[in-house]
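Here is how the chains run, residue by residue.
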Amino acid sequence: MERLTPLFTSPSSPVPSPCLSRIVYCISTCMTSAITAEIKSRAKAAFIGLAIGDSLGAPVEFMTASEIRAEYGILQEIVGGGWLRLKPGQVTDDTEMSLCIARALAAGGGWDLKGIGDNFAAWLKSRPVDVGDTCRRGIRNYMLNGVMETPFNQWDAGNGAVMRMLPVALYTLGDDALLEKCAVEQARITHNHPFSDAACIFFGRLVHLAILGYSRNRIRRELEGLFSVSDNFRFDNYRGLATGYVVDTMQTVMHYFFRSRDFEECLVSTVNQGGDADTTGAIAGALAGAFYGMDEIPKRWIKRMDRRVIDEVSLLAEKLLTFSPLARGGLKAG
Ligand SMILES: [Mg+2]
């Protein structure tokens, strides 16, 4: 009979076996090296990109592309104003709701849907500068009745759940199944519609691929899964609709992300389409930030932003990565 070498020493062994030492060394090395400096930079760029896209696009929210052209030529600076009368560099609900999720996860160190709901409730009570109707209804339903999953509603196919997905993508980096579960749970606090769910899941997957350094072509192929949910998401013949309907929002972001060659071009072309420009800007900014990384974000835009927001999203991006499955033990699905 073959004699097997034990993999682990018994607890009473005074000295770890060479085998165990190698395993411990390997595990600790894998855990620290899985999150590389590049991944950290891309994650930080994604959260900063979200805030910049929100702030760049908000002044032209609800304007048409031709109205923007008449007023700004091409809007390429963070100017403030608009119907919300924002200060230059001020962010809106897209960034604020993302912060609600990120803070809940960072504070708890784990998935905390109640913490997210509580942060949404506190945010709504703080009289935010802007709140979507579907988000307001869902949060009020949570506050008054403790409902964590709003019932299906055919009108819930707005972009309010996907606009706050970035922290969920960071927290679940390295595990597709966890991403799917967390994406849908956070979404359904306010939105319950298959198109919203699908957009949340697939946006999360695109962010994962971008942060991990995959190519534009690989990211494009991932979208086939979204098209299999509904052909409506296809953007080959983009008609320029940039409304708050999640299908229009995703088409707009994808159309400009795949046509542009750098972070700035992606965001400028997206927000100059108008419509729900703060949200298309925020989603494009998160994806482009993840794809292009910190070095590609124009410094003049970062300088124009609310410093406290930039500092907080930078810290939270790093913190969420430390809780991710990738940091804790490697990829579970590619
Ligand atoms: Mg907004």
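Before reading on, note that the structure itself is shown above.
Because the structure is a prediction, the values reported are computed rather than measured.

Q: Give me the overall build of the chain: which residues, what numbers.
A: Broken down by element type, the chain carries 16 helices and 0 strands. In the chain, which comprises 334 residues, the share counted as buried stands at 48%.

Q: Give me the environment of Asp93: which residues, what numbers.
A: Looking at the element boundaries, Asp93 is found in helix H4 (residues 93-108). Along the backbone, Asp93 and Trp123 are 30 residues apart, and their C-alpha atoms lie at a distance of 9.4 Å. Residues within four places of Asp93 in sequence aside, it is in contact with Pro128, Asp130, Val131 and Gly132.

Q: Quick one: what's the story with helix H8 (residues 176-187), residue by residue and with numbers?
A: With 12 residues, H8 should reach 16 Å at 1.5 Å per residue; the first-to-last C-alpha distance of 16 Å fits that figure. Restricting attention to buried positions, one finds in H8 the residues Leu179, Cys182, Ala183, Gln186 and Ala187. All buried residues of H8 project into a common sector of 125° when viewed along the axis, lining one side. On its buried face, H8 sits against H4, helix H5 (113-125), helix H7 (166-171) and helix H9 (194-211).

Q: Please set out the nonpolar core residue by residue, giving values where relevant.
A: Ranked by size, the top nonpolar core spans 94 residues in total, and within it Ala46, Phe47, Val207 and Leu287 carry the most contacts. Broken down by element, the residue count for this core peaks at 12 residues, all from H9. If sequence neighbours within four positions are ignored, Leu287 has contacts with Leu206, Val207, Ala210, Val253 and Phe257.

Q: Tell me about the environment of Gly49, and please be specific about residues and values.
A: Position of Gly49 relative to the elements: it lies in helix H2 (residues 37-57). The class of Gly49 is buried, set by 33 C-beta atoms lying within 10 Å. The spatial distance from the C-alpha of Gly49 to the C-alpha of Phe263 is 8.6 Å, given a sequence separation of 214 residues.

Q: Pulling in residues and values, what's your account of unusual backbone geometry?
A: Positive phi, close to 50°, is recorded for Arg85, a residue that is not glycine. Turning to its location among the elements, Arg85 is positioned in the loop between helix H3 (65-72) and H4. A positive phi is found at Arg127, a non-glycine position, where the angle reads about 55°. With respect to the secondary-structure elements, Arg127 resides in the loop between H5 and helix H6 (133-145).

Q: Could you give an account of the packing of H9 against helix H10 (residues 216-229), with specific residues and numbers?
A: Closest axis-to-axis distance for the H9/H10 pair is 10 Å, and the angle between their directions is 170°. On the basis of their axis angle, the class for H9 and H10 is roughly antiparallel. Of the two elements, H9 crosses H10, and the hand of that crossing is right-handed. In this structure, H9 uses Pro194, Ala198, Phe202, Arg205, Leu206, Leu209 and Ala210 to contact H10, whose residues at the interface are Arg218, Ile219, Glu222, Leu223, Gly225, Leu226 and Val229. Class assignment for the residues of the contact of H9 with H10 results in 10 nonpolar, 1 polar and 3 charged.

Q: Quick one: what's the story with H6, residue by residue and with numbers?
A: Given a rise of 1.5 Å per residue, 13 residues ought to cover 18 Å, and the 18 Å separating the end C-alpha atoms of H6 matches this to within 8%. Looking at the packing, one finds that the buried side of H6 touches H5. Following H6 by one or two positions, Gly146 has its phi on the positive side, about 65°.

Q: How would you sum up the environment of Phe195? Please name residues and give values.
A: With respect to the element layout, Phe195 can be found in helix H9. Here Phe195 falls in the buried class, since 22 other C-beta atoms lie within 10 Å of it. Apart from the residues within four sequence positions on either side, Phe195 is in contact with Ala157, Ser230, Val246 and Val247.

Q: Summarise the packing of H8 against H9; cite the residues concerned and give the values.
A: As a packed pair, H8 and H9 sit with axes 9 Å apart at the nearest point and diverge in direction by 135°. For the element pair H8 / H9, the angle class is oblique. Our pair here, H8 against H9, has a crossing hand that is right-handed. On the side of H8, the interface is formed by Asp176, Leu179, Glu180, Ala183, Val184 and Ala187, while H9 contributes Ser196, Asp197, Cys200, Ile201, Gly204, Arg205 and His208. For the contact of H8 with H9, the per-class residue count stands at 6 nonpolar, 3 polar and 4 charged.

Reading the values: the criteria
- Residues numbered from 1 in each chain as written.
- Predicted model: local features only at pLDDT ≥ 70, side-chain atom pairs only at ≥ 80, totals over all residues.
- Helix = DSSP H or I, 4+ residues; strand = E, 2+ residues; numbered from the N terminus.
- Buried ≥ 20, exposed ≤ 12 C-beta atoms within 10 Å, placed from the backbone.
- Contact = placed C-beta atoms within 7 Å.
- Expected span 1.5 Å × (residues − 1).
- Arc of directions from axis to C-beta.
- Core = buried A, V, L, I, M, F, W, Y, C linked by C-beta atoms within 7 Å.
- Axes fitted to C-alpha atoms, helices over the stretch in contact; angles between N-to-C directions.
- Parallel < 35°, antiparallel > 145°, perpendicular 65-115°, else oblique.
- Left-handed = near helix turned anticlockwise from the far one by under 90°.
- Nonpolar A, V, L, I, M, F, W, Y, C, P; charged D, E, K, R; others polar.

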